[in-house]
Amino acid sequence: QLHLVESGGGLVQSGGSLRLSCAASASTFQYYAFGWFRQAPGKEREGIACISGNPAITMYADSVKGRFTISRDNDKNTVYLHISSLTAEDTAVYYCAAELVYSAASDWCSRHPKDFDSWGQGIQVTVSS
């Protein structure tokens, strides 16, 4: 299991931007694929973005494509989610997740929660009008 810590959430105005960070503790960070998920009250957990190990292939949900960008910094063992044009529908708890792919060269990526074994505690993002 990989220890993950999210940061960068908070209260923002509609139309604003935010950057979430996911700090990972791993001796082989490049062997992991990472995903961002979110869960709003009364709704199921939604996979919104994923990035593979190498090459860094990305995948997005249609609801966030063009507004959200996932990236990774292997030197800092950190995954980011850049969020822009926020609306009230983006209000949710955002989770970072990781899955070991057993290779430094893998294009595996998924937006299904059951495909990931390691999870952060989640961080609240609230968008106000």
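Before reading on, note that the structure itself is shown above.
For the structure given in this document, a descriptive report is provided here. It should be emphasised that the depicted structure is a prediction, and the values quoted were computed from it without experimental measurement.

### A short note on the sheet that holds strand S3 (residues 18–25)
The strands that make up a sheet are held in pairs by hydrogen bonds between backbone atoms, and each pair lies either parallel or antiparallel.
Here's step 1: Here we have four strands laid out as an open sheet, ordered S1-S3-S8-S7, and antiparallel in their pairing. The open sheet has two edge strands with one neighbour each: strand S1 (3–7) and strand S7 (68–73). On average, each strand axis in the sheet is inclined to that of its neighbour by 15 degrees, with strand direction left out of account.
Here's step 2: Relative to S3, S1 runs antiparallel, the two being bridged by five bridges. Within the sheet, the bridge partner assigned to Val-5 lies in S3 and is Ala-23.

### A closer look at the state of the cysteines
Here's step 1: Per the counting criterion, the structure on display carries two disulfides.
Here's step 2: The disulfide partner of Cys-22 is Cys-96, and the S-S distance across this bridge is 2.0 Å. The sign of the -80 degrees torsion about the S-S bond sets the Cys-22-Cys-96 disulfide as left-handed. Of this pair, Cys-22 sits in strand S3 while Cys-96 is found in strand S9 (residues 92–100), placing the two residues 74 residues apart along the sequence.

### A look at the packing of aromatic side chains
Here's step 1: A complete count under the given rule lists six aromatic pairs for this structure.
Here's step 2: Residues Tyr-32 and Phe-34 carry aromatic rings whose centres are separated by 6.3 Å and whose planes lie at 45 degrees to one another, so their mutual orientation is tilted. Grouping residues by exposure puts Tyr-32 and Phe-34 together as buried.
Here's step 3: When the centroid spacing of 6.4 Å and the interplanar angle of 80 degrees are considered together, the rings of Tyr-95 and Trp-119 count as edge-to-face. With Tyr-95 in strand S9 and Trp-119 in strand S10 (residues 118–119), this pair connects stretches of sequence that are 24 residues apart.
Here's step 4: Residue class for Tyr-95 comes out buried when judged on its relative accessible area of 14%.
Here's step 5: Each member of the aromatic cluster is reached from another via a ring pair, and the members are Phe-37, Tyr-95, Trp-108, Phe-116 and Trp-119.

### A look at the nonpolar core
Here's step 1: In terms of nonpolar packing, the biggest core is built from 32 residues, with Leu-20, Phe-34, Trp-36, Leu-81 and Tyr-94 touching the most fellow members.
Here's step 2: For this core, the elements supplying multiple residues, two or more each, are S3, strand S4 (32–39), strand S5 (46–51), S7, strand S8 (78–83), S9 and strand S11 (123–128).
Here's step 3: Residues Phe-37, Tyr-95, Ala-97 and Phe-116 belong to the second largest nonpolar core, which totals six residues.

### What to know about the pattern of salt bridges
Here's step 1: Applying the stated criterion to the full structure yields four salt bridges.
Here's step 2: Two residues, Arg-38 and Glu-46, come together in a salt bridge whose shortest N-O distance is 3.0 Å.
Here's step 3: The class for Glu-46 is partly exposed, based on a relative accessible area of 28%.
Here's step 4: The residue Asp-90 makes a salt bridge to Arg-67 at a minimum N-O spacing of 2.9 Å. With Asp-90 in the loop between S8 and S9 and Arg-67 in the loop between strand S6 (58–60) and S7, this pair connects stretches of sequence that are 23 residues apart. In terms of burial, Asp-90 and Arg-67 fall into one category: buried.
Here's step 5: Linked by salt bridges that have partners in common, Arg-38, Glu-46, Arg-67 and Asp-90 make up one network.

Cut-offs applied
Residues numbered from 1 in each chain as written. Predicted model: local features only at pLDDT ≥ 70, side-chain atom pairs only at ≥ 80, totals over all residues. Heavy atoms only, no water. Pairing = 2+ DSSP bridges. Helix = DSSP H or I, 4+ residues; strand = E, 2+ residues; numbered from the N terminus. Axes fitted to C-alpha atoms, helices over the stretch in contact; angles between N-to-C directions. Disulfide = S-S within 2.5 Å. Phe/Tyr/Trp six-rings, centres within 6.5 Å; stacked < 30°, edge-to-face > 60°. Buried < 20%, exposed > 50% of the residue type's maximum accessible area, 1.4 Å probe, protein only. Core = buried A, V, L, I, M, F, W, Y, C linked by side-chain atoms within 4.5 Å. Salt bridge = Lys/Arg side-chain N within 4 Å of Asp/Glu carboxyl O.

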